[in-house]
Amino acid sequence: MNGDWEIGANTDELDRFARAVIELADGTRISLVDPRALSSITLDKKGTSSLPKLGREASDRALDADYLAEALKRKKLAIKPAIMDQSVLAGLGNIYAAEALWEAGIDPRIPAASVTSESLGKLVDAIRRVLSPRNRRPGRYAEERGTERFAVYDREGQACRRCGGVIERIVQAGRSTYFCATCQRE
Ligand SMILES: [Zn+2]
């Protein structure tokens, strides 16, 4: 997907880069506007979908330990790549996955299915905290980089602000994971 959907009336002038147009019976027109013409559209039969099945949104208020326990119970992955799996949790990126695991005191290397429900409860609270709008202000990362913006992310070799241990970096599923092996012990 490269273009943008535009919604207007079917009497509006059509954008010169409109590549596909859907006109609804009520006079609404939805156009796919894509100057580079790189988008593709898939038509699925009713009741089927070619989209990957997504898990609950990480920022969803309904996210809880029970949901995570169910989603993780058959996962063979370690907990860090497991919570970045879009079929488990949608929208939790690499930085915030590492930060949330540090806040919850969970070792990113342990098997996802072995995390206790108590720790999953802490993890849900931690995900909520790291994703809160206060922590995600646009530009904040650039402004505060190097000034302890993150507890573990990009801090390899530095002291853990909770226990003074050394932040380590490992690679999991092709992505860097930063963590403190001293206090992330669950
Ligand atoms: Zn620590």
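Residues numbered from 1 in each chain as written. Predicted model: local features only at pLDDT ≥ 70, side-chain atom pairs only at ≥ 80, totals over all residues. Heavy atoms only, no water.

Engineer: What should I look at first to understand a nonpolar patch on the surface in this one?
Structural biologist: Together, Trp5, Ile22, Leu24 and Ile41 give the surface a local cluster of nonpolar side chains, amounting to about 370 Å² of exposed area. Within the secondary structure, Ile41 is located in the loop between strand S3 (28–33) and strand S4 (56–57). (Patch = residues over 30% accessible without salt bridge, like charges linked within 9 Å, V, L, I, M, F, W, Y side chains within 5 Å. Areas by Shrake-Rupley, 256 points an atom, 1.4 Å probe, with all protein chains shown as cover. Salt bridge = Lys/Arg side-chain N within 4 Å of Asp/Glu carboxyl O. Helix = DSSP H or I, 4+ residues; strand = E, 2+ residues; numbered from the N terminus.)

Engineer: Teacher, can you tell me more about the environment of Asp15 here?
Structural biologist: Here Asp15 is to be found in the loop between strand S1 (4–9) and strand S2 (18–23). Assessed through its relative accessible area of 30%, Asp15 is described here as partly exposed. The residues contacting Asp15, other than those within four sequence positions of it, are Glu6 and Val33. At a separation of 2.7 Å, a polar atom in the side chain of Asp15 contacts the main-chain amide nitrogen of Phe17. (Buried < 20%, exposed > 50% of the residue type's maximum accessible area, 1.4 Å probe, protein only. Contact = heavy atoms within 4.5 Å. Polar contact = N/O pair within 3.5 Å; in protein donor to acceptor, adjacent residues only side chain to side chain.)

Engineer: Please clarify how the pairing of strand S7 (residues 175–180) should be interpreted in this entry.
Structural biologist: In summary, the side chains of a regular strand alternate between the two faces of the sheet. Where strand S6 (residues 167–172) and S7 come together, six bridges link them in antiparallel fashion. The residue of S7 that forms the bridge with Ile167 is Cys180. (Pairing = 2+ DSSP bridges.)

Engineer: It is not clear to me how the coordination of the zinc ion should be interpreted in this structure. Could you clarify?
Structural biologist: Angles between donor atoms at a metal ideally measure 109.5 degrees for a four-coordinate tetrahedral arrangement and either 90 or 180 degrees for a six-coordinate octahedral one. Ligation of the zinc ion by protein atoms is provided by Cys160 (SG), Cys163 (SG), Cys180 (SG) and Cys183 (SG), these donors lying 2.2 to 2.3 Å from the ion. Classification of the site at the zinc ion rests on its four donor atoms, whose angles at the metal span 98 to 114 degrees, yielding the label tetrahedral. Each donor residue of the zinc ion lies on the same chain, and together they follow the pattern C-x2-C-x16-C-x2-C. Placement of Cys160 in the loop between helix H5 (140–144) and S6 and of Cys183 in the segment after S7 is noted, with a sequence separation of 23 residues between them. Residues Cys160 and Cys183 agree in their burial class; the two are buried. (Donors = N, O, S within 2.8 Å, 3.2 Å for Na, K, Ca; no water. Tetrahedral: all angles 85-135°; square planar, octahedral: opposite > 155°, others 65-115°.)

Engineer: What's the story with helix H4 (residues 117–131) in this structure? I'm lost.
Structural biologist: Each α-helix turn comprises 3.6 residues. Residues three or four places apart therefore point the same way. A rise of 1.5 Å per residue sets the reference length of H4, with its 15 residues, at 21 Å; its end C-alpha atoms lie 21 Å apart and thus fit the reference within 8%. Turning to H4, its buried residues are Ser119, Leu120, Leu123, Val124, Ala126, Ile127, Val130 and Leu131. (Expected span 1.5 Å × (residues − 1).)

Engineer: Just checking my understanding: could you explain the packing of aromatic side chains for this structure?
Structural biologist: Two numbers describe a pair of aromatic rings. These are the distance of the centres and the angle of the planes. Counted under the stated rule, the structure contains three aromatic pairs. Taken together, a centroid distance of 5.5 Å and an interplanar angle of 80 degrees make the contact between Phe150 and Tyr153 edge-to-face. Phe150 gets classed as buried once you look at its relative accessible area, which sits at 6%. Aromatic rings pair up to connect Tyr96, Phe150, Tyr153 and Tyr178 into one cluster. Over the face of the ring belonging to Trp102 we find Arg162, whose NZ or CZ atom lies 4.1 Å from the ring centre. (Phe/Tyr/Trp six-rings, centres within 6.5 Å; stacked < 30°, edge-to-face > 60°. Lys NZ or Arg CZ within 6 Å of the ring centre and 35° of its normal.)

Engineer: So what exactly am I meant to see when it comes to the sheet that holds S1 here?
Structural biologist: The three strands lie next to each other as S1-S3-S2, forming an open sheet whose pairing is antiparallel. The open sheet has two edge strands with one neighbour each: S1 and S2. Sheet twist, expressed as the mean angle between neighbouring strand axes with direction ignored, is 25 degrees. Here S2 runs beside S3; their pairing, made up of five bridges, is antiparallel. The residue bridging Glu23 from the neighbouring strand is Arg29, located in S3. (Axes fitted to C-alpha atoms, helices over the stretch in contact; angles between N-to-C directions.)

Just geometry here; none of it tells us what the structure is for.
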